[in-house]
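Descriptive analysis of the structure
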Amino acid sequence: RGLSQDFVPLKSRCIKGLADWILTSPCQRNIIVLAGAGASTAAGIPDFRSPGTGLYDNLQKYNLPTPESIFSLDYFRKAPDAFYELARDLWPGVQGYRPTLTHRFISTLDRKGRLLRCFTQNIDGLERLAGVPSERVVAAHGSFDTATCVRNGKSVPAEELRQAVLSGKEGPGGWQSLREKYGGLVKPDIVFFGENLPASFFKHRTLDFCKCQLLLVIGTSLSVYPFADLPREPPGSCIKVLMNREDISEFGFDISLLGDCDEHVQELVTRLGWQEVLKEMADSK
Ligand code: CNA
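Everything quoted here is computed from the prediction, not taken from an experiment. (Residues numbered from 1 in each chain as written. Predicted model: local features only at pLDDT ≥ 70, side-chain atom pairs only at ≥ 80, totals over all residues. Heavy atoms only, no water.)

1. Some words on the overall build of the protein
- Within the protein, the regular secondary structure consists of 10 helices and nine strands.
- In terms of C-alpha radius of gyration, the protein reaches 20 Å, essentially the compact-globule figure of 19 Å for 285 residues.
- With respect to the principal axes defined by its C-alpha atoms, the protein has extents near 60 × 40 × 30 Å.
- Taken over 285 residues, the protein has a buried fraction of 50%. (Helix = DSSP H or I, 4+ residues; strand = E, 2+ residues; numbered from the N terminus. Rg over C-alpha atoms; globule rule 2.2 N^0.38 Å. Buried < 20%, exposed > 50% of the residue type's maximum accessible area, 1.4 Å probe, protein only.)

2. Some remarks on the packing of helix H4 (residues 101-111) against helix H10 (residues 275-283)
- Across the interface, H4 lies against H10 with an axial gap of 10 Å and an inter-helix angle of 135 degrees. Overall, the two elements H4 and H10 adopt an arrangement that is oblique. The interaxial crossing formed by H4 with H10 has right-handed handedness. For the pair formed by H4 and H10, the contact residues are Leu101, Arg104, Phe105, Thr108 and Arg111 on the first element and Glu276, Val277, Leu278, Glu280 and Met281 on the second.
- Residue composition of the contact of H4 with H10, by class: five nonpolar, one polar and four charged. (Axes fitted to C-alpha atoms, helices over the stretch in contact; angles between N-to-C directions. Parallel < 35°, antiparallel > 145°, perpendicular 65-115°, else oblique. Left-handed = near helix turned anticlockwise from the far one by under 90°. Contact = heavy atoms within 4.5 Å. Nonpolar A, V, L, I, M, F, W, Y, C, P; charged D, E, K, R; others polar.)

3. Section: the pattern of salt bridges
- On inspection of all chains with the given rule, the structure shows 19 salt bridges.
- Among the ionic pairs, Arg117 bridges to Asp208, the shortest N-O distance being 2.7 Å. A residue pair is termed long-range when its members are at least 10 positions apart, and Arg117 in strand E2 (residues 115-120) and Asp208 in helix H8 (residues 199-208) qualify at 91 residues. In terms of burial, Arg117 and Asp208 fall into one category: buried.
- Taking the shortest distance from any N to any O, the salt bridge between Asp283 and Lys279 comes out at 2.9 Å. Placement of both Asp283 and Lys279 in helix H10 is noted, with a separation of four residues, approximately one turn of the helix.
- Among the residues examined, Lys279 registers a relative accessible area of 54% and is labelled exposed. (Salt bridge = Lys/Arg side-chain N within 4 Å of Asp/Glu carboxyl O.)

4. Some words on helix H3 (residues 81-90)
- Looking at H3, one finds that the buried residues are Ala82, Phe83, Tyr84, Leu86, Ala87 and Leu90.
- On its buried face, H3 is in contact with helix H2 (73-78), strand E4 (142-149), helix H6 (158-167), helix H7 (175-182) and strand E6 (186-190).

5. Comments concerning the side chain of Arg114
- Among the secondary structure elements, Arg114 is positioned in the loop between H4 and E2.
- Here Ile22 takes part through its backbone oxygen, which lies 2.9 Å from a polar atom of the side chain of Arg114.
- Among residues more than four places away in sequence, those in contact with Arg114 are Trp21, Ile22, Ser25, Pro26, Cys27, Gln28, Arg29, Asn30, Ile31 and Leu109. (Polar contact = N/O pair within 3.5 Å; in protein donor to acceptor, adjacent residues only side chain to side chain.)

6. Things to note about the packing of aromatic side chains
- On inspection of all chains with the given rule, the structure shows 15 aromatic pairs.
- Ring geometry for Phe201 versus Phe202: centroids 5.1 Å apart, planes at 90 degrees, classification edge-to-face.
- Residue classification places Phe201 among the buried positions, given a relative accessible area of 0%.
- Judged by its relative accessible area of 34%, Phe202 is partly exposed.
- Ring pairs connect the aromatic residues Phe48, Tyr56, Phe71, Phe76, Phe83, Tyr84, Trp175 and Phe192, which therefore count as one cluster.
- One cation-aromatic arrangement involves Lys187 over Phe192; the distance from NZ or CZ to the ring centre is 4.6 Å. (Phe/Tyr/Trp six-rings, centres within 6.5 Å; stacked < 30°, edge-to-face > 60°. Lys NZ or Arg CZ within 6 Å of the ring centre and 35° of its normal.)

7. Considering the side chain of His103
- Locating His103 in the fold gives a position in helix H4.
- Among the polar contacts listed, one links the side chain of His103 to the side chain of Ser40, at a separation of 3.3 Å.
- Within polar-contact distance, the side chain of His103 engages the backbone nitrogen of Thr100 at 2.9 Å.
- Non-local contacts of His103, meaning those with residues more than four positions away in its chain, are made with Ala39, Ser40, Leu126, Glu127, Ala130 and Val132.

8. Thoughts on the site of the ligand
- Not every one of the 27 residues close to the ligand is listed here, only the nearest: Arg49, Asp124, Thr220, Ser221 and Glu246.
- Between the ligand and Asp124 there is a distance of 2.7 Å, counted from a nitrogen atom to a side-chain nitrogen or oxygen.
- Between the ligand and Gly219, the relevant distance is 3.3 Å, taken from an oxygen atom to a main-chain nitrogen or oxygen of the residue.
- Within the complex, 95% of the 850 Å² of free accessible area of the ligand lies under protein.
- Across the shell around the ligand, the residue classes tally to eight nonpolar, 13 polar and six charged. (Near = heavy atom within 4 Å. Areas by Shrake-Rupley, 256 points an atom, 1.4 Å probe, with all protein chains shown as cover.)

Right, here's the structure in full:
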């Protein structure tokens, strides 16, 4: 294990050990967070794969060949209605989803000068809404901030697409008329299955992980690649912590905190003496 000069070992493999490590290690930006849909379920946004509540178990009304079809480019070209209908719910700001305690904790890690990067698979924008600066967030599966015509690659103002999605299929401002205007279907730049991840993912994967001493993996089944390869990137000395409802121990975590991430975060911030996180959460309600 670690040879670096300022390497601080983990004294115990539990939440107390994690808090002690954060408090006693030098104040450097050496913490990387890998976030997934589980970080946002407490905000009311379903994840994909949780049995019963996950999106994949609740897509019957769209009559899809497979649940994944809703994020498949081929299917979108053939039958865009399903994705556009879902996008209406998922578009940040439309339903008024608020950051969870976990998002506020990530933002506090940044304010304390500890967060190197938050790689998120989420497309809900809640890390940034919680105050994590854009340059600290790698939106690995894209975002609704920009949009492109899938036929000719033309950029389309995201606001124009947002208005069209909210207006529905028909009518002067609907997505059919946007399709005619731009010469093809327009899609927000969220990454569909089979599409490339943004360049920022590869850039920060190369630059960041060699500096990572603590990896916090929060609310993800780690089943989507290449994101799921990221826990293998840090050096051997890096401490790896999982906060997730389901156990995915095959990734070799030093600490596995199973259950709701907000509950573990609450205990962690209490042990850290970072009461401001809880106050900020209470004030936002
Ligand atoms: P997933 O495969 O649905 O897995 C979610 C994981 O989180 C599961 O292991 C759950 O057990 C766990 N989980 C759920 N709720 C909690 C909780 N409160 N506390 C702790 N753990 C919890 O989702 P992944 O993120 O792993 O898969 C990647 C997909 C999901 C990405 O492409 C995303 O774009 C996509 N997604 C994003 C959102 C969002 O932006 N909020 C929502 C749904 C899906």
